[in-house]
Amino acid sequence: MADIELLPVGPAHKDALLALTRSFHSEDGHPLSERGEAAVGMIADGHPLGRAWLVQEAGLVVGYAVLGLGFGVEYGGPDAFVDDLYLVPEARGRGLGALVLARLEIEARALGLAALFLVVDPENVPARRLYDRVGFAGTHWLLMAKRL
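With that out of the way, let us pick up the sheet that holds strand 5 (residues 115–117). Pairing between the strands of a sheet comes from backbone hydrogen bonds, and it takes one of two forms, parallel or antiparallel. Reading across from one edge, 1-2-3-4-5 is the order of the 5 strands in this open sheet, with mixed pairing throughout. Because the sheet does not close on itself, it has two edges, and the strands there are strand 1 (4–8) and strand 5. Strand-to-strand twist in this sheet, taken as the mean axis angle between neighbours without regard to direction, amounts to 30°. Judged from the 10 bridges that link them, strand 3 (residues 60–72) and strand 4 (residues 77–87) form a sheet pairing that is antiparallel.

Below, the discussion takes up the layout of surface pockets. For the second largest pocket, the calculated volume is near 300 Å³. Broken down by element, the residue count for the lining of the second largest pocket peaks at 5 residues, all from helix 3 (residues 96–110). Of the residues belonging to the lining of the second largest pocket, the class tally is 9 nonpolar, 1 polar and 2 charged.

What follows is about the nonpolar core. Ranked by internal contacts, the top residues of the largest apolar core, which has 39 residues, are Y64, V100, L104 and Y131. Those elements that place two or more of their residues in this core are strand 1, helix 1 (14–27), helix 2 (34–44), strand 2 (50–57), strand 3, strand 4, helix 3 and helix 4 (125–133). Looking at this core element by element, the count peaks at 6 residues for helix 3. Aside from chain neighbours lying at most four places away, what touches Y131 is L85, L101, L118, V120 and F136.

Cut-offs and rules
- Residues numbered from 1 in each chain as written.
- Predicted model: local features only at pLDDT ≥ 70, side-chain atom pairs only at ≥ 80, totals over all residues.
- Heavy atoms only, no water.
- Pairing = 2+ DSSP bridges.
- Helix = DSSP H or I, 4+ residues; strand = E, 2+ residues; numbered from the N terminus.
- Axes fitted to C-alpha atoms, helices over the stretch in contact; angles between N-to-C directions.
- 1 Å grid on protein atoms, 1.4 Å probe; cavity = no way out; pocket = protein on both sides within 12 Å on 5 of 7 lines; lining within 4 Å.
- Points joined across faces, edges and corners; volume = space filled by probe spheres on them.
- Nonpolar A, V, L, I, M, F, W, Y, C, P; charged D, E, K, R; others polar.
- Core = buried A, V, L, I, M, F, W, Y, C linked by side-chain atoms within 4.5 Å.
- Buried < 20%, exposed > 50% of the residue type's maximum accessible area, 1.4 Å probe, protein only.
- Contact = heavy atoms within 4.5 Å.

Below, the structure is given as structure tokens:
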């Protein structure tokens, strides 16, 4: 299995993060909006509620991950939502997703987080299997959203 590195995103990585985010959102069937593009810029510029990493394999960028930081009493304090996790198609199916999630967990623990959350399309069976395999479990809560 290949080794990967998570490179923390900063202002110098904004264009690379934006290109990957556009690819992910296009592939996922919901092109990135203007507000989404602005959010990518805020994360790259160091917004306190977001963290992002470029995923590198053998020095090549093959994806990215974004955590949205929050707080919850039920899980014991600071937490995060795995907002985006994307690997380019050529990097899939080789165990890199599990490695990225393991590294994200290390980063989350270093940030003092008590829990990680994510959502997955119920029909995305490969992603659901990955998340199950690395310890994520469904809850009885239904995620709801309201755009502001």
